[in-house]
Amino acid sequence: MTQWPIKNVPGTPLYKVVENFLQEQITAGELAPGDLIPSEPQLAKHLSVSIGTVRKAIENLVHQNMLYRHQGKGTYVSRIDFNLSLITHLRAHETVLDL
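Presented here is a report on the structure given in the accompanying data block. Here the structure is a predicted model, which is why all the values come from computation and not from measurement.

1. Topic: helix α2 (residues 40–47)
Right, on to step 1. Along α2, the positions that sit buried rather than exposed are Glu40, Leu43, Ala44, His46 and Leu47.
Right, on to step 2. Those residues of α2 that are buried are in contact with α1 (14–27), α3 (51–63) and β1 (67–70).
Right, on to step 3. Following α2 by one or two positions, Ser48 has its phi on the positive side, about 55°.

Here it is as C-alpha cells:
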C-alpha cells in the first residue's frame, strides 16, 4: 500500500481532513459498500497521522452511518445510505397520511 496524499486545509482539524479523505474515497467508489477499510494503524501509517486522529475520523463516519464496525472483524463501508432510506421512509409515510 502506498502513502495516500491528504489535503491539509489550514484551520481544519486533522481528523476532519482524514474524515473528508475517507468520504471522498467512498463517494468516488474507491471504497465500495461492504468493503473492509484498512485498520486504524494501517491508515495512520499511510496517511502519516496518529491513530487517535484516524479513530476520531472513523467514529464520526460511523456516527454518519457511512461506516460500521463489526466487533473483531473490522470497519466496513455501509451498504445502505441510512439518511436517504430515512427520508424515503418519511416521504412514503407522509404520502399515506395525505390520502
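2. A word on the pairing of β1
Right, on to step 1. Sheet analysis places β1 next to strand β2 (residues 74–77), joined by four bridges and oriented antiparallel. Residue pairing in the sheet places Tyr68 in a bridge with Tyr76 of β2.
Right, on to step 2. Adjacent in sequence and paired antiparallel, β1 and β2 are bridged by three residues, among which Gly72 carries a positive phi angle near 80°.

3. Some remarks on the pattern of salt bridges
Right, on to step 1. Scanning the model with the defined rule gives three salt bridges in all.
Right, on to step 2. Two residues, Lys16 and Glu19, come together in a salt bridge whose shortest N-O distance is 3.1 Å. Remark: Glu19 and Lys16 occur in helix α1; sequence separation between them is three residues, near one turn of the helix.
Right, on to step 3. Here Arg55 ties to Glu40 by a salt bridge, and the two come within 2.9 Å at their closest N and O atoms. Taken together, the residues span a long stretch of sequence, with Arg55 in helix α3 and Glu40 in helix α2 at a distance of 15 residues.
Right, on to step 4. Because the salt bridges share partners, they merge into one network encompassing Glu40, Arg55 and Arg69.

Reading the values: the criteria
All chains use their own residue numbering, which begins from 1 and follows the written sequence. At least 70 in pLDDT is required for a residue's local features to be given in this predicted model, at least 80 for side-chain atom pairs to be given and counted, and no such filter applies to totals for whole chains, interfaces and linings, which use all residues. Values shown for side chains rest on all heavy atoms present in the structure; no hydrogens or waters enter the calculation. The cut-offs for exposure are 20% and 50% of the maximum accessible area for each residue type, with area from a 1.4 Å probe on protein chains only; residues under the lower value are buried, those over the upper are exposed, and the others partly exposed. The numbering of helices and of strands both runs from the N terminus, where a helix is a DSSP run of H or I of at least 4 residues and a strand a run of E of at least 2. Whether two residues touch is decided by their heavy atoms; if any such pair falls within 4.5 Å, the residues are in contact. By this definition, two strands are paired if DSSP reports at least two bridges between them. Salt bridges are counted wherever a side-chain nitrogen of Lys or Arg sits within 4 Å of a carboxyl oxygen of Asp or Glu.

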